[in-house]
Amino acid sequence: MAEAAFSMPGTFFFTPKPSPLSTFLLVLILCILGFYTLHYPHPTLLQSNSQNAPRFRQIFLSSATNYTFASYLRALTQHPHLAGTKPSLDTTHYVLSHFKDLGLETRTAQYRALLSYPVHSSLSAHFSDGTVLDLPLTDFTQATRDVVLPYHAYSPSGSAYAKAVFVNYGTDDDYRALGLLGVNVSGCVVIARKGDLPRGVVVQKADAHGAVAVLLYAEGDGFRKGFERGTVMKGVGDPLSPGWAGVDGGESLDLEDTEVLKRFPKIPSMPLSAEAAEVILGSLGGAPFPSEWRIGIGHVGPGPTMLNFTYQGEKRVVTIHNVFAVIRGLEEPDRHVLLGNHRDAWTYGAVDPNSGTAALLDIARRYALLMRLGWQPRRTIILCSWDAEEFGMIGSTEWVEQNLMSLGPKAVVYLNVDCAVQGPGFFVGATPQLDNLLHEVTKKVKDPDSEGATVYERWAATNIGIHIQRLSRVDSDFAPFLQHAGVPSVDLYYGRDFPVYHTAFDSYNWMTNYGDPLFQRHVAVAGIWGILALHLADDSILPFNYLSYADQLQGYKNILSNILNGSVSLHPLTTSIQELASAAKEAENEAKILQKQETTDDSVVLKKRALNDRLMLAERGFLDADGLQGRQWFKHLIYGPPSDYESKLVFFPGVADAMSGSARMSRKERKAAIQHEIWRAARAIQRAARALRGEFT
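Residues numbered from 1 in each chain as written. Predicted model: local features only at pLDDT ≥ 70, side-chain atom pairs only at ≥ 80, totals over all residues. Heavy atoms only, no water.

**Q** Describe the packing of aromatic side chains, with residues and values.
**A** Within a pair of aromatic rings, the relevant descriptors are the distance that separates the centres and the angle that separates the planes. Per the counting criterion, the structure on display carries 33 aromatic pairs. Taking 6.2 Å as the distance between ring centres and 40° as the angle between the ring planes, the aromatic pair formed by tryptophan 399 and phenylalanine 481 counts as tilted. Highlighted residues: tryptophan 399 in helix H10 (residues 394-402) and phenylalanine 481 in helix H14 (residues 478-484), separated in sequence by 82 residues. Each member of the pair, tryptophan 399 as well as phenylalanine 481, is classed as buried. Between tyrosine 549 and tyrosine 639, the ring centres sit 6.3 Å apart and the planes meet at 40°, which makes this aromatic pair tilted. You can see tyrosine 549 sitting in helix H17 (residues 546-564) and its partner tyrosine 639 sitting in the loop between helix H19 (602-617) and helix H20 (653-660), a full 90 residues away along the chain. (Phe/Tyr/Trp six-rings, centres within 6.5 Å; stacked < 30°, edge-to-face > 60°. Helix = DSSP H or I, 4+ residues; strand = E, 2+ residues; numbered from the N terminus. Buried < 20%, exposed > 50% of the residue type's maximum accessible area, 1.4 Å probe, protein only.)

**Q** Let's hear about the nonpolar core: which residues, and what values?
**A** Formed by 204 residues in total, the largest nonpolar core has its most connected members in Leu115, Leu339, Tyr367 and Phe391. Ranked by residues supplied to this core, first place goes to helix H16 (residues 520-538) with 12 residues. Ignoring any residue separated from it by four or fewer positions in sequence, one finds phenylalanine 391 in contact with Leu82, Ala83, Leu115, Ser116, Tyr117, Tyr151, Ala153, Tyr154, Thr231, Met233 and Trp346. (Core = buried A, V, L, I, M, F, W, Y, C linked by side-chain atoms within 4.5 Å. Contact = heavy atoms within 4.5 Å.)

**Q** Residue-level account of the domain arrangement of the protein, with values.
**A** Under the domain assignment, the protein is made up of domain 1 (61-103 + 328-538), domain 2 (117-316) and domain 3 (546-693). Using C-alpha coordinates to define each centre, domain 2 is positioned 38 Å away from domain 3. (Domains from an automatic or database assignment.)

**Q** Account for the pattern of salt bridges, with residues named and values stated.
**A** Across all of its chains, the model carries 40 salt bridges by this definition. Between lysine 194 and glutamate 228 there is a salt bridge, and its shortest N-O distance comes to 3.3 Å. Within this pair, whereas lysine 194 is found in the loop between strand S5 (189-193) and helix H6 (199-208), its partner glutamate 228 is found in the loop between strand S6 (213-217) and strand S7 (230-231), the two being separated by 34 residues in sequence. A residue is classified by how much of its surface remains accessible, and lysine 194, at 24% relative accessible area, is partly exposed. Taking relative accessible area as the criterion, glutamate 228 reaches 11% and is therefore assigned buried. For arginine 224, the salt bridge identified is with glutamate 278, shortest N-O distance 2.2 Å. Of this pair, arginine 224 sits in the loop between S6 and S7 while glutamate 278 sits in helix H8 (residues 274-281); the two residues are 54 residues apart in sequence, bridging distant segments of the chain. In this structure arginine 224 comes out as partly exposed when scored by relative accessible area, which is 31%. Of the residues examined, glutamate 278 reaches a relative accessible area of 46% and is grouped as partly exposed. Taken together, the salt bridges that share partners define one network made up of Glu331, Glu332, Asp334, Arg335, Arg378, Arg379, Arg609 and Asp613. (Salt bridge = Lys/Arg side-chain N within 4 Å of Asp/Glu carboxyl O.)

Structure, rendered in structure tokens:
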């Protein structure tokens, strides 16, 4: 706890020989006053901080420089830094030293986790004319030989000699199209191009259709030699400690435990370059590509080209390291605003993730500057640098699991940035109560690509206008915070896709030539990220608007109504959303009244604290202790991944699961399953509404 100024009126007069009792009483009084000074800062100081908040935010924005982002990114990308390796530990020390050099309170958290690494791989194509071609499985040169071999983490080792067959993106629709052509992929090596399905799901579907191995390529414009590394493990977190933190001396499942084995694919897979994929696809016979694939002219096979495929990998338990910088809150030190980015990379990681790491380091630099100018946040800010995200959000998940009970009553929000800059265009995902704040903050930050415009103005001028995505996907470190712990969350980035994703070409040179040559987009992301945190840490009343949440839920209910067409009752959702809207309106009115009361009277302070607690805890209401059926770790009933990744619903994951699982049920069972999940979602919305009201029924 930081010290605060305290002045005590009056004067003490001491007798030459004070009695033991008077000495004791004096010491006791001083101790009480000292405790009060430390734990209850002087009202004048609190009022001063509140009045100066706009000035500090302006200083934060004006103190950004392109040079610092460039220097941080260059230092972070000198070497590849795959989690669990020596270069990765070097980046740990770099981030930790940066925080310490700024005078920030620092800490680390270590976990033991099962990671996966390649040992050997080979691939050769045997053509119908008898020729054989050894296909290269590297995307690096002698100068970059320290880059890890292209591989899929947690793929089982294996080999195959079989016909090649092309399955487009490997979706259910693609396999149905192949079936209509009479194509059977059983016993074949499947080649798929990367689409919206996670890698592990592509492999899982290929296995379900009888394939013996999978080769997956990405279509990267101008970087056709690149191999997209990635994980194929199901779920998030360390597979040996599902649901609890993998700490030294803690429980760890055996590698052959069924709970562990079901996280991994049953057939081997590897990434393939677009260049190598073209060679194989150009040699296939059989039926032509289905017209709906829109991929041009070609044939799907199987064969006549045969592929000789070998992959050997190893799984190792290694130590991973999370790094934190803590800026203690002055008035509400037990309320935490968390900013997070992961640090580990498949290769050099200039975009993924160290454009975000550079932004986090610069935010730390500017916050330290504000502290030297007298700023101290109302609430505690924690800057989080996660490890082993690329293997399945392991660093953040282990930390959330270890600190779950503290996050519940203390975490205000989690603000995530992963790939801060991938290219042009601003994108954001968030839980709906943060929509209004995002609008306001983007109006204060200069757009990096338009002279004289703000980010908001450029954002509004795009084809789709102001659009905030929701966070049902599981592709970055917001997943454990929102979907497991129920913490309101944001995910920020510039540029939707980039062609060197997870390849050896994701380097500092690519960033300076293509992604953000002047580092202006880095400045914009860090500006939005840092100002969001300052509002959430400093505003006397949390800037959460649950009317936006109620409106969003009403939209979801309307979509469901159109899809289900009266087959089940949506009345439970209707009434619960109305209840949330009513509670949100009451909270908004209460906030307006309290905002007008600038007094530091204890009763007003306590009323604001109580309202903030309700605003913070309402998101937890959307959690269900039982979680999603078959995937209990995911507990959020509004936002979470559906079991069927081809589902069109990106909300109410339990309802989506019941709808996609209906093919295995009778009509009566299907209706009952969907209705039950609608009731579960409705009860979750009611819990959020009642948390927002803060009263017992």
